[in-house]
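Each chain, written out:
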Amino acid sequence: MAVDPPVLAVKGLTKSFGDLDVIDGLDLTVRQGELMAIVGPSGCGKTTLLRLLAGLETPTAGSVKVRGEPVTGSGPDRVLIFQEGTVFPWATVEENVSFGMEARGDVDPERVAEAVRTCGLDGFQDNYPRTLSGGMERRVALARAMVAEPDMLLMDEPFSSLDAQTSRILQNTLMRLWKETGTTVVLVTHDVEVALRLASRVMVVSSRPLRERDVHDLTGKDGEREVVRRKVLKVLEAEVGERLY
Amino acid sequence: MEGVRLLRSGDLVRHAAASLGRVLVGLGAGSLVGILLGYLMGTRPWARDILEPVVELVRPVPPLAWIPLAILWLGIGLADQAFIIFLGCVFPILLNTYEGVRAIEPRYLEVSRVFGADDSTTWRRVVVPATLPHVLTGLRVGAGVAWMCLVAAELQGVRTGYGLGYMMVVAQDLARADRIMVGMVSIGVLGYLMNRGMRGLEGRFVPWR
């Protein structure tokens, strides 16, 4: 039986900026439909990792393959949602969301309207971003990514600098979209609780240079979350040299 | 009351129309060249390397210092006056456009790349809207400079016998201070209206601010 190549296969990925080693020999495999959370201390190189996966940076060594094909640049099959501030201020909510489709070809107004609705932006179509709250802006970025129908959604700290309630609501929106569309999601975060709540698999990584420390599969193991949580925290606390919780 | 008399006779309108025509030709040419070169310098490093020294060399020379050459080469007429106005307004327009392109947040261009947008989509949806406020500021500054240059250009004489600046030099010879003041007020009013128009354009094309 032939096995389909994984959606994402990273082998020996290494990235340096001059003398600064940011990522050191990372291996990572993500299968179709997974929600993979990568947890690591702040400033550990997670953003650089996502930029490499998105094709915005080229590896110093190692390889990134998407469905068996080496990544040579950015492509609409992998959409990266940046940490913040990437919604176009000159475009309305609706225009921002349509950009995700326009970049790929024709805009289907129905799909745009649907994304606007499922991301909880109904009634704000004609608003300019300056009139939106931080949480609403994240929704626009999410809707813009969803209309592009990517194979893989790459998310950089999607819930940072939001208040607890806004963050929780946005997490629910993401989970709903993930379940409905079956899109593969790779998200990086420093927040252990977020990772454990959402992910089907969690990878804990070290301080810079980023290396793998631990991987936990959470699928169908709701009862074991507390055990995993303790393990993850132990590794992270060893990394930063501080008690975290 | 000289103003009312000039307005009644239709002379003021003819003077103003002649001046406005010169400003529009000079400003039109300056906008076209300034915007195109500004985008070129902003987006193509080779163009910046070639054009930046040229611009910085020509820019400090006051447009009025070109008048003798302009008259020698182009003669007295629309061409030389429009040329002087062009020189006055092209640099603020060019530099504002160039600055606008340089000030585009790199992350907006990265968003475009992430979605796999082609060049034309990136231009229409990112580069042009992001730079538009700067371009419009450049146009507004350029229009102001254009009026300043106009009067200086017309002081050298005009062929048609019409133009607000020309009207003022003739009035000086006739010792008609009232007529000179009518000219000054007219230029002020026209400049003001043009600026209002430009502000209107900003409101229309930059509604997100």
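The structure under discussion appears in the preceding block.
Residues numbered from 1 in each chain as written. Chains lettered and ligands numbered in written order. Predicted model: local features only at pLDDT ≥ 70, side-chain atom pairs only at ≥ 80, totals over all residues.

Overview of the environment of B:G161
One can find B:G161 in the loop between α7 (119-155) and α8 (164-173). With 111 residues separating them in the primary sequence, B:G161 and B:I50 have C-alpha atoms 41 Å apart. (Helix = DSSP H or I, 4+ residues; strand = E, 2+ residues; numbered from the N terminus.)

A closer look at the sheet that holds strand β6 (residues 78-81) of chain A
Residue and element names in this part refer to chain A. Read from one edge of the open sheet, six strands run β6-β7-β8-β3-β9-β10, paired in mixed fashion. Because the sheet does not close on itself, it has two edges, and the strands there are β6 and β10 (212-217). Neighbouring strand axes in the sheet, compared pairwise and without regard to direction, differ in orientation by 15° on average. Judged from the five bridges that link them, strand β7 (residues 152-156) and strand β8 (residues 184-189) form a sheet pairing that is parallel. Residue pairing in the sheet places L154 in a bridge with V186 of β8. (Pairing = 2+ DSSP bridges. Axes fitted to C-alpha atoms, helices over the stretch in contact; angles between N-to-C directions.)

Digging into the pairing of strand β9 (residues 201-205) of chain A
If a strand is regular, its side chains alternate between the two faces of the sheet. Residues and elements named next belong to chain A. The element β9 is extensively covered by neighbouring structure, given that four of its five residues are classed as buried. The pairing of strand β3 (residues 35-39) with β9 spans four bridges and is parallel. Paired with A37 across the two strands is V202, which belongs to β9. Here five bridges tie β9 to β10, and the two strands are oriented antiparallel to one another. Each bridged residue has a counterpart across the sheet, and for R201 the counterpart in β10 is D217. Between β9 and β10, which follow one another and run antiparallel, lie six residues. (Buried ≥ 20, exposed ≤ 12 C-beta atoms within 10 Å, placed from the backbone.)

So, the interface of chain A and chain B
By a frequent convention, interface size equals the accessible area lost on bringing the separate parts together. Of the residues lining the interface, 21 residues belong to chain A; the matching set on chain B comes to 15 residues. Elements with a minimum of two residues in the side of chain A that touches chain B: β6 and α2 (93-102) of chain A. Per-element tally for the side of chain A that touches chain B: the top contributor is α2(A), with three residues. (Contact = placed C-beta atoms within 7 Å.)

Quick look at the sheet that holds strand β2 (residues 20-30) of chain A
Residues and elements named next belong to chain A. Pairing is antiparallel in the open sheet, where four strands are placed in the order β2-β1-β4-β5. What marks the edges here is a single partner per strand, and that holds for β2 and β5 (69-70). Of the pairings in the sheet, the one linking strand β1 (residues 8-17) to strand β4 (residues 61-66) comprises five bridges and is antiparallel in character. Bridging from a neighbouring strand, K11 pairs with S63 of β4. Its contacts with the sheet place helix α1 (residues 46-54) against β1, β2 and β4, and it is angled at close to 120° to β1.

Things to note about α2(A)
Along an α-helix, a turn takes 3.6 residues, which lines up residues three or four apart on a common side. Within α2(A), eight of the ten residues are buried, which leaves the element mostly enclosed by the surrounding structure. Among the residues of α2(A), A:V93, A:E94, A:N96, A:V97, A:S98, A:F99, A:G100 and A:M101 are the ones counted as buried. Looking at the buried side of α2(A), the elements it contacts are α3 (109-118) and α4 (134-147) of chain A together with α7 of chain B.

What to know about the pairing of β2(A)
Residues and elements named next belong to chain A. Examined bridge by bridge, β1 and β2 share seven bridges and lie antiparallel to one another. Across the sheet, K15 pairs through a bridge with I23, a residue of β2. Hairpin connection of β1 to β2: two residues between the antiparallel strands, including G18 at a positive phi of 60°.

Taken by themselves, the reported measurements are silent on function.
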